[in-house]
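Tertiary structure, described
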Amino acid sequence: MLRGVRNSVVRRSIHFSVCHNNTNNSPCVAQEKTETATLIRDDLKRVSPGMRRMLGCNLDHLQDASTYYTLAQGKQLRPSLVLLVSRAVSLLNGINRSVASERYILDCNPALLLDGDVLPSQLRLAQITEMIHVASLLHDDVIDLATHRRGQVSGNIAFGNQQAVFAGDFILARASTAMARLRNTRVTELLATVIADLIRGEFLQLRNVDEKGGDALQASFDYYLEKSYLKTASLISKSCMAAAVLGKAVPSIVQAIGEFGRCLGIAFQLVDDALDFKSTDGDLGKPANADLKLGLATAPVLFAWKQFPELESAVRSNFQSKGAIEQARQYVREADGVRKTEAWAGQFIVKAKGLLSSHIPDSPPLQALLDICDRVITRKK
Amino acid sequence: MLTYVRPARLMPRFGRNSSTWSSVLLRAVGVVSQESKYHSDLLATLSEEMENLRSQLVQWTNSEPLLDTVIQPYTTSHARFFHPLLVLLMSRASTLDATPSKQQYQRYKQLSRITELIHAANAIHKSVQEHAKEAHSITKLKVLVGDYLLGKASVDLASLKDNSITELMASAIANLIEGNFPQTRDTMSIESERRRLRLQSAFLPAKACLCASILNRASEHISQACFEYGLHLGTAMQLRQSNPDKTEIRLDDEVNRAKKVLSVLPDVEVKQTLYEIADAIAANDG
């Protein structure tokens, strides 16, 4: 399957040909990190500068505010996923895939090689994805009264609430303009619903539990999962789907990739919530235990509530009462809430990896994506 | 956002004596109502839809009492329902087809809602104050509500499945941001002042009118006329509202330009209404 990969991809990874004549792939394991980095390094380098160019404006202050979060880059997880999915999908024939049906074409082309490259539209998609993410961060920071992000002063502190709100809207407007210029209404549709999902997630975050009776704990877990999907997984899932759509993947692949993104995104949020409990301020680049201070009941707390029903009132009252935060932390410790959260994340990752492996041929992009899945769980920040 | 009201109450308040303005606009709605049963519902349905959005927000915020305070910058805006009305009129003025399909009316309706959502989101977001001047609970709600409206606009735009309309409306949002972004005015050139005026008040109506003609697949000629009508009308509206400014753009000039481009449009009844609206803005007693 991979014999036809173009020279450029082979050049990028010296050990590639070794890997693919090797059935059990063991020499690849040591190369994994290098391969991921090398595979999309050049593309990734173009994401932030591209974003900044898309945010150019004659008003210096508006430009400064909009590009503020593009300077300290963050993990670049979302653009990385878009780029890797793009590469993976291009190995599935993508733009070389016959429209009518190969068996009727009968026009033999021995020189046709599978691409392995990222289309310009997909690079642009990576930029748009990160722009949507950054816009949401700017607004989140206003809403959460944040002070720091990515190791620097947060936008709402650096240039005030009004400018931070404007900057977020501006980024979104430029992202939507760029989206329209991709001239693909399916992609526009996917990303437009992400924008709505993100804000819906914010509203869900105003509460911890749905008011209705019944099994409050189960309902809270469902609510938390839905909120996590809307706030985190939706962007990842749909941007990866959009990458597959742009790469002309068949619908079943697009769907599988969407499901992969959903699982990965939820796992990512779960680990994020676990880390918020574990770390001290220095590790994360932003204050720790932020969630409890904001009154949010995340997975570790929900697991603790499962074991200690008395935690329910603190959850319902958003940890407002005196000592509620400390009580929650105590119960989380006793119920081993953090470890349970991490285990749950692990289940989502297993599913994510399974989806990838069963739909994408074994290849550097696949290995890189699996690698990211592993790193989502093992990361410390 | 209010509960359902008769179209008369929806009209943008305009000047101390609004009777001329609102009667002109009522006639406008009346004209298009006679032409088609769909259009008469359009503004009423829009008001109903905005009320539905408000109900949704009430539910999501658990009946937050501050909600009505937060949406006030929109509900008291002088340009409320102005853009949807323009879309409504332009959708009739830019085509000879007197009986568009129901599906086409859905699209006009969606476009008019989109323009109102963009206007509303901007009105609310630009009212955000700094931490020292505004309770955090209010700031937070303003951001959330504005984002909610923008999210709805995004989804509605995507469902129109028209890349040029998406592009135009998205860029209109960027225009509003640039136009309302705080700037030190003393050092601004006349050119910058003019651009700022257009950004704040002209580009959204211009693009709204243009998009209506795009929905009709009107010719380039007609589309440009629609754009320019909206551009000059919007500018004129703003000049009526604001204090003497430094742009040296004159209200009667803008009104004349708006009327001038109407000659390109086909001679349908609604065209007369467009003239009347322009005249109403120019008139001294409002």
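These numbers were taken from a predicted model, which means no experiment stands behind them.

Let us now look at the confidence of the model for chain B. Residue and element names in this part refer to chain B. The pLDDT averaged across chain B works out to 85; a share of 84% of its residues lies at or above 70. Contacts for the low-pLDDT stretch residues 1–19, under 50 throughout, to residues beyond four places or in other chains number 45 contacts. Across the interfaces of the predicted complex, the ipTM metric reaches 0.90, alongside a pTM of 0.87.

Right, let's get into the pattern of salt bridges. Across all of its chains, the model carries 30 salt bridges over all chains by this definition. In this structure, the salt-bridge partner of K231 of chain A is E202 of chain A, at a minimum N-O distance of 2.9 Å. Residue K231 of chain A is located in helix α11 (residues 216–246), and its partner E202 of chain A is located in helix α10 (residues 185–204); the two are separated by 29 residues in the primary sequence. In this structure K231 of chain A comes out as partly exposed when scored by relative accessible area, which is 21%. We classify E202 of chain A as buried; its relative accessible area is 8%. In this structure, D371 of chain A and R375 of chain A form a salt bridge, with 3.0 Å as the shortest nitrogen-oxygen distance. Placement of the pair is D371 of chain A and R375 of chain A together in helix α19 (residues 364–378), with a separation of four residues, close to one helical turn. Look at D371 of chain A and you get buried, because its relative accessible area is 5%. Here the residues in one salt-bridge network are E49, K109, R113 and D156 of chain B, joined through shared partners.

With 195 residues, the main nonpolar core has I132 of chain A together with Y229 of chain B as its most contacted residues. Residues within four places of I132 of chain A in sequence aside, it is in contact with L172, A175, L191, V194, I195, L198 and L235 of chain A.

Below, the discussion takes up the side chain of S112 of chain B. Counting through the fold element by element, S112 of chain B comes out in helix α7 (residues 102–125). For S112 of chain B, the side chain forms a polar contact with the main-chain oxygen of K109 of chain B, separated by 2.9 Å.

The subject of this paragraph is unusual backbone geometry. Non-glycine residue D336 of chain A carries a positive phi angle of around 60 degrees. Among the residues examined, D336 of chain A registers a relative accessible area of 33% and is labelled partly exposed. Residues other than glycine seldom take positive phi values, yet S63 of chain B does so here, at roughly 55 degrees. The topology assignment puts S63 of chain B in the loop between α3 (37–60) and α4 (67–70).

What follows is about the environment of E130 of chain A. All names here are of chain A. Residue position: E130 is located in helix α8 (residues 120–143). Residue class for E130 comes out buried when judged on its relative accessible area of 4%. Considering only alpha carbons, one finds E130 and L356, 226 residues apart in sequence, at a separation of 22 Å.

Procedures and definitions
- Residues numbered from 1 in each chain as written.
- Chains lettered and ligands numbered in written order.
- Predicted model: local features only at pLDDT ≥ 70, side-chain atom pairs only at ≥ 80, totals over all residues.
- Heavy atoms only, no water.
- pLDDT = per-residue confidence, 0-100.
- Contact = heavy atoms within 4.5 Å.
- Salt bridge = Lys/Arg side-chain N within 4 Å of Asp/Glu carboxyl O.
- Helix = DSSP H or I, 4+ residues; strand = E, 2+ residues; numbered from the N terminus.
- Buried < 20%, exposed > 50% of the residue type's maximum accessible area, 1.4 Å probe, protein only.
- Core = buried A, V, L, I, M, F, W, Y, C linked by side-chain atoms within 4.5 Å.
- Polar contact = N/O pair within 3.5 Å; in protein donor to acceptor, adjacent residues only side chain to side chain.

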